[in-house]
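One-letter residues, chain by chain:
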Amino acid sequence: MDALEESGSPRPTEQKLWKDLKYSKIRKNIGDWFWKLIHNRLWPGAYWKNVPSYEERAYCEYCQNLETMDHILLSCTIEGREQIWEMVEKLYELPMKAN
Ligand SMILES: [Zn+2]
């Protein structure tokens, strides 16, 4: 069970995510970031564990846990994470438009 399931929120289908990204006011670079997130193309901690001189990037500077996307987005207790999710919620409420 992941953090989304634990929260009780319904899991959107991949089709719904793509439709929402395509027909929203979300800028292309943010849509690209979501694509990388969904397709595991971002470089969280495990990648950096094997890069000489950059191993410290593998761990969260705040709580020293392995820096996974789940950790960054859902489980780190760093101040400000909740505000980011509130902003995402407002962004998601923007009216849809065709690109
Ligand atoms: Zn952390």
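Asker: Pulling in residues and values, what's your account of the overall build of the protein?
Answerer: Summing up its helical and strand segments, the protein has six helices and zero strands in all. Expressed as a percentage of the 99 residues in the protein, the buried residues total 1%. In the protein, the proportion of contacts linking residues at least 24 apart, taken out of those at least 6 apart, comes to 37%.

Asker: So what about the environment of H71? Which residues, and what values?
Answerer: Secondary-structure assignment places H71 in helix 5 (residues 69-75). When the 18 C-beta atoms within 10 Å are taken as the criterion, H71 is described as partly exposed. In sequence terms H71 and C60 are 11 residues apart; their C-alpha atoms lie 8.6 Å from each other. Those residues in contact with H71, other than ones at most four positions away along the chain, are C60, N65, L66 and C76.

Asker: I'd like a description of unusual backbone geometry, backed by residues and values.
Answerer: Positive phi, normally seen in glycine, also occurs at S53, with a value near 75°. You can see S53 is positioned in the loop between helix 4 (45-48) and helix 5. Exposure remark for S53: the 6 C-beta atoms within 10 Å place this residue in the exposed category. Its identity is not glycine, yet Q64 carries a phi of approximately 65°, on the positive side. Topologically, Q64 is positioned in the loop between helix 4 and helix 5. Under the C-beta neighbour-count criterion, Q64 is labelled exposed, with 10 such atoms within 10 Å.

The rules behind these values
Residues numbered from 1 in each chain as written. Predicted model: local features only at pLDDT ≥ 70, side-chain atom pairs only at ≥ 80, totals over all residues. Helix = DSSP H or I, 4+ residues; strand = E, 2+ residues; numbered from the N terminus. Buried ≥ 20, exposed ≤ 12 C-beta atoms within 10 Å, placed from the backbone. Contact = placed C-beta atoms within 7 Å.

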